[in-house]
Structures are given as structure tokens and as C-alpha cells.
Amino acid sequence: MKNETYIEYFYILPFSGETRNKPLITTFFFLIYLVGVLINSSIITVICLDVQLHEPMYLFICNLSIVDIFHTSVTIPKLLHMLLSGNHFISFSQCFTQVYFFIIALAAEGFILFIMAYDRYVAICLPLHYHRILNQRNCILITIGVWTVAFINSVVFIESVLNMSSCHSNLIHQFFCDTKSLTKLSCTSTQLLFIITGIEIVFLIFVPLLGTCISYIKILSIIFKIKSKESRSKAFSTCSSHIIIISIYYGTCLVGYLIPPYSDVLELVFNIIYTTITPMINPIIYSLQNCNIKNALLGVKKRMFMVKH
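Fair warning: this is a prediction, and the values are worked out from it, not measured in the lab.

A look at the overall build of the chain
Then, in step 1: Of the regular secondary structure elements, the chain holds ten helices and three strands.
Then, in step 2: In the chain, which comprises 309 residues, the share counted as buried stands at 47%.
Then, in step 3: Within the chain, contacts between residues separated by at least 24 positions form 78% of all contacts whose residues are at least 6 apart in sequence.
Then, in step 4: Of the accessible surface of the chain, which amounts to about 15800 Å², a share of 69% is contributed by carbon and sulfur atoms.

Following this line, the structure appears as C-alpha cells:
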């Protein structure tokens, strides 16, 4: 973003007029961050240590937990620093570094959710070919591909944002630097950014979402043909947690970006949900629905208890 008026700092104002509630707000975000990091870290550790969980599905769950830690670490620590210190200024470079890593997390999560849907499709619709299609080599290549595309995409996106000029104000009514807030400050044409954003929405949101929907349509068609009620229930339970997470993620994400520019409070609420609360509840939903992860977590807890005694 070219700086027409030599703006070196942005001023983040997420909770205007709420100074008396700062301790409560700080505690709320600290607990969300702490719980999210602890649960996601526990899932990553358990999947890495338990040989029985060295399967494609759990590799993708592990990657989702990494993205969730990444997601919250980009936004919450800086917010906590601002709330505790009272210093709401963020430098130009810090702001765009935050945008860069946030876009990486956003793109990676969308792709991983799609890959997880494809994993369930192969497992239920093509069970005999599961280990051939999603073998170790292919899973590693998919994982590398997801993160590579996410990083390259963020470079392209941040380059288009840096070409804008900021001259209207340096005040951001949000709890972190996001592209929607930065475009409000621009005094030059944002046509290129809107074109790139449109392309990204198509390829990073609608294409993965469409692929996910097609996968689950085929999955459900197979599940409903299963005669055994117990087998049908078991097959559906492996997908239900993923469907819930997809609904929450895409629902809050799309609503947050489709909210009119003048609805700052509503936009803030939805941004908080999909950038901080969703990454915290993702592993909780998975651990409650997945017996193997629950058993692995309980096993680690028992071993720790036995070591102490």
C-alpha cells in the first residue's frame, strides 16, 4: 500500500467506548487463545505419537489443528498486547505481515477442509481403492501442495494490497489488520484488488466448497443405500463432525465478508467467531466425534497419571 500521506502507523480500534470492560475482554480472548492452542497442540501430539493414527484422515486433522493454531496466533497475541499495554498503534510493516499470514491461514484451511471431504468420499465410496489413492506419498504431496499454494497466493494478494494508496485515515475499526478494513482507507482505485479478491473467492472458497458439497452428496447417496442401521450410523458419524465444521467456517466467513461496510459491530462479531472461536471449537468437535482420537487422548492422560504416581 503506497502511503500518500506518509502513514507509518495504523490505529486499531476494535472496542470503542469499552475501556471499563477491558479486563473482561482481555480475559475472554486470553482464554480462547489458551484453550485453542492447548487442545490443538494435544491433538497434533497424539496423532504424531500414536502409530494407529498414522492414517490419511488423521494427517489432515493434524494439518487442520496446525492451521487453527496459526490462525489464532496471527491475531490474538497482538490484540492482547494492545489491550494490556493500551497502545493500539500497529506499524505499517506489522499490519501487512499480519495480513500476509492471515491470508495464508485462510487459504490453507479452505483447502484442507476440501481434502478432508475428499478423504471421506474415497473411504466411503471407494473403500477398496482408499490406500492406493491416498497412500503416504500422495498425502505428503497434497499437504506440501496445500501449504505451497497458500503461501504463493498470499504473496500475490499482499502485492496487490501494497499497490493501493492510503490517505483517508489510519483508523481501523477491527481487532486486527484485514483487507476489508484496509480498502476502506484507500483513496485510489481498488479495482485490481477487487478483481484478485473475486478470483480468490472463486478458486479458494467456491471451488473447494463446491467440491466438498459434491463429495458429500455422493457420500450421503451411498450411506442411504446401506441396509444395516448400525453401519449407516457409523458411516454418517465419521462425516458429521466435518459437516458441522464446514458449516460454521464457511457460514461465518462468508457472512463476515458480505456484511455491508457500515456494519462495523456486526462485522467485528463475525470476524471474532471465524478467526478465534472456530479454531478453538474445531478440535473439540473432532475429539468428541472421533473415538480413536478420544481413546488416544485418554491413553496419554492415563500414562501421564501413572508417571506421576
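Description of empty space enclosed by the protein
Then, in step 1: Taken as a whole, this structure holds two cavities of 30 Å³ or more when the rule is applied.
Then, in step 2: Approximately 50 Å³ is the volume attributed to the largest cavity.
Then, in step 3: For the lining of the largest cavity, the elements supplying multiple residues, two or more each, are helix 2 (56-85), helix 3 (92-125) and helix 5 (136-162).
Then, in step 4: Considering each element in turn, the lining of the largest cavity owes the most residues, four residues, to helix 5.
Then, in step 5: Considered class by class, the residues forming the lining of the largest cavity number six nonpolar, two polar and no charged.
Then, in step 6: Considered as a void within the structure, the second largest cavity measures approximately 30 Å³ in volume.

Concerning the packing of aromatic side chains
Two aromatic rings, taken as a pair, are described by how far apart their centres are and by the angle between their planes.
Then, in step 1: Taken as a whole and judged by the stated rule, the model has 14 aromatic pairs.
Then, in step 2: Taken together, a centroid distance of 5.2 Å and an interplanar angle of 80° make the contact between Phe28 and Phe29 edge-to-face.
Then, in step 3: Ring centres 6.4 Å apart and planes at 50° place the aromatic pair Phe102 and Tyr274 in the tilted group. Remark: Tyr274 occurs in helix 9 (residues 264-289) and Phe102 occurs in helix 3; sequence separation between them is 172 residues.
Then, in step 4: Here the aromatic residues Phe28, Phe29, Phe102, Phe175, Phe176 and Tyr274 are joined through ring pairs into a cluster of three or more.

Remarks on the state of the cysteines
Between two cysteines, a covalent bond joining their sulfur atoms is known as a disulfide.
Then, in step 1: Using the criterion set out here, one finds one disulfide in the structure.
Then, in step 2: Between the sulfur atoms of Cys95 and its disulfide mate Cys177 the distance is 2.1 Å. Its S-S torsion of about -120° marks the bond between Cys95 and Cys177 as left-handed, since a negative value means left-handed. Taken as a pair, Cys95 in helix 3 and Cys177 in the loop between strand 3 (171-172) and helix 6 (179-184) lie far apart in primary sequence, 82 residues in all. The pair formed by Cys95 and Cys177 is uniform in burial state, with each residue classed as buried.

What to know about the side chain of Asn63
Then, in step 1: Mapped onto the elements of the fold, Asn63 is located in helix 2.
Then, in step 2: Residue class for Asn63 comes out buried when judged on its relative accessible area of 7%.
Then, in step 3: Once residues lying within four places of it in the same chain are set aside, the contact partners of Asn63 are Ile112, Thr143 and Trp147.

As for a nonpolar patch on the surface
Then, in step 1: On the surface, Ile195, Ile199, Val202, Phe203 and Val207 cluster together into a nonpolar patch covering about 450 Å² of accessible area.
Then, in step 2: Judged by relative accessible area, Val207 falls into the partly exposed class, the value being 43%.

With respect to the sheet that holds strand 1 (residues 9-12)
Then, in step 1: Pairing within the open sheet is mixed, and its three strands lie in the order 2-1-3. Strand pairing shows two members of the sheet lacking a second neighbour, strand 2 (89-91) and strand 3, which therefore form its edges.
Then, in step 2: As paired strands, strand 1 and strand 3 are joined by two bridges and run parallel to one another. Counted as the bridge partner of Tyr11 is Leu171 from strand 3.

Observations concerning the pattern of salt bridges
Then, in step 1: Scanning all chains against the criterion turns up one salt bridge.
Then, in step 2: Measuring nitrogen to oxygen at the nearest pair gives 2.8 Å for the salt bridge that ties Asp119 to Arg120.
Then, in step 3: The buried category is assigned to Asp119, whose relative accessible area is 1%.
Then, in step 4: The class for Arg120 is buried, based on a relative accessible area of 10%.

Regarding the environment of Ile272
Then, in step 1: Along the chain, Ile272 turns up in helix 9.
Then, in step 2: Using a relative accessible area of 12% as the deciding quantity, one classes Ile272 as buried.
Then, in step 3: The sequence separation of Ile272 and Ile76 amounts to 196 residues, and the corresponding C-alpha distance is 9.9 Å.
Then, in step 4: Not counting residues up to four positions away in its chain, the partners in contact with Ile272 are Phe15, Phe29, Phe175 and Ile277.

Quick notes on the side chain of Asn282
Then, in step 1: Topologically, Asn282 is positioned in helix 9.
Then, in step 2: Only 3.3 Å separates the side chain of Asn282 from the side chain of Asp68, close enough to count as a polar contact.
Then, in step 3: A polar contact is formed between the side chain of Asn282 and the side chain of Glu109, at a distance of 3.4 Å.
Then, in step 4: The residues touching Asn282, leaving out its near neighbours within four places in the chain, are Leu64, Asp68, Glu109 and Ile245.

Criteria and thresholds
Residues numbered from 1 in each chain as written. Predicted model: local features only at pLDDT ≥ 70, side-chain atom pairs only at ≥ 80, totals over all residues. Heavy atoms only, no water. Helix = DSSP H or I, 4+ residues; strand = E, 2+ residues; numbered from the N terminus. Buried < 20%, exposed > 50% of the residue type's maximum accessible area, 1.4 Å probe, protein only. Contact = heavy atoms within 4.5 Å. Areas by Shrake-Rupley, 256 points an atom, 1.4 Å probe, with all protein chains shown as cover. 1 Å grid on protein atoms, 1.4 Å probe; cavity = no way out; pocket = protein on both sides within 12 Å on 5 of 7 lines; lining within 4 Å. Points joined across faces, edges and corners; volume = space filled by probe spheres on them. Nonpolar A, V, L, I, M, F, W, Y, C, P; charged D, E, K, R; others polar. Phe/Tyr/Trp six-rings, centres within 6.5 Å; stacked < 30°, edge-to-face > 60°. Disulfide = S-S within 2.5 Å. Patch = residues over 30% accessible without salt bridge, like charges linked within 9 Å, V, L, I, M, F, W, Y side chains within 5 Å. Salt bridge = Lys/Arg side-chain N within 4 Å of Asp/Glu carboxyl O. Pairing = 2+ DSSP bridges. Polar contact = N/O pair within 3.5 Å; in protein donor to acceptor, adjacent residues only side chain to side chain.

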